Amino acid sequence: MASQAASKAVKFAYNGTIASTLRKFAWTNFWGGREYGLQFHDTYFEPAPEVTEALRRLNLQEPHLFDQRKIRLSRAHTLALHGEKLPKAEWTQWDQESWYLKPYLDEIEAEKKARAESSGLIPPYEMKQH
């Protein structure tokens, strides 16, 4: 039930009835990650600097969510490697979706925008590391 509250607290740019219905329809019918027990943000990849920074912040502020993500990804990789899927009763349900990275990604985008408007400096997580 806690994840239901979390998903309802997330604000999307387009959050009207039509947008919410389309989001749920696409998530239910076109996204295959739920067959492996994944949440949507589990499929965000680390090479993107914003995602890397969001995951770093998630690990610092809510390490239990970060660990749950790692467990879901590990299970999904194992299932895919063996060419299997979870039984339909264990698929991720819409009510379980928490969009757990959204607050961090929004925070990072706001920081990038504020930085670009004020100084034009590049955030440190976007700098090339040698």
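None of the values given here were measured: they were computed from a predicted structure. (Residues numbered from 1 in each chain as written. Predicted model: local features only at pLDDT ≥ 70, side-chain atom pairs only at ≥ 80, totals over all residues. Heavy atoms only, no water.)

### A word on the nonpolar core
Thought 1: Within the largest apolar cluster, eleven residues are counted, these being Val51, Ala54, Leu55, Leu58, Leu65, Phe66, Tyr100, Leu101, Tyr104, Leu105 and Ile108.
Thought 2: Among the secondary structure elements, those contributing two or more residues to this core are α3 (49-61), α4 (63-81) and α5 (102-118).
Thought 3: With four residues, α3 is the largest single contributor of residues to this core.
Thought 4: Once residues lying within four places of it in the same chain are set aside, the contact partners of Ala54 are Leu101, Tyr104, Leu105 and Ile108.
Thought 5: Trp31, Tyr36, Leu38 and Leu86 belong to the second-largest nonpolar core, a separate cluster that totals ten residues. (Core = buried A, V, L, I, M, F, W, Y, C linked by side-chain atoms within 4.5 Å. Buried < 20%, exposed > 50% of the residue type's maximum accessible area, 1.4 Å probe, protein only. Helix = DSSP H or I, 4+ residues; strand = E, 2+ residues; numbered from the N terminus. Contact = heavy atoms within 4.5 Å.)

### Examining the pattern of salt bridges
Thought 1: Tallied over the entire structure, the rule returns nine salt bridges.
Thought 2: Across the salt bridge formed by Asp42 and Arg72, the nearest N and O atoms sit 2.6 Å from each other. Linking Asp42 in the loop between α2 (17-29) and α3 with Arg72 in helix α4, this pair joins segments that are 30 residues apart in sequence.
Thought 3: What makes Arg72 buried here is its relative accessible area of 12%.
Thought 4: The closest approach of N and O atoms between Arg57 and Glu53, which form a salt bridge, is 2.8 Å. With Arg57 and Glu53 both in helix α3 and four residues apart, the pair spans about one turn of that helix. Side by side, Arg57 and Glu53 carry an identical accessibility label, which is buried. (Salt bridge = Lys/Arg side-chain N within 4 Å of Asp/Glu carboxyl O.)

Function cannot be read off these values alone, since they describe shape.
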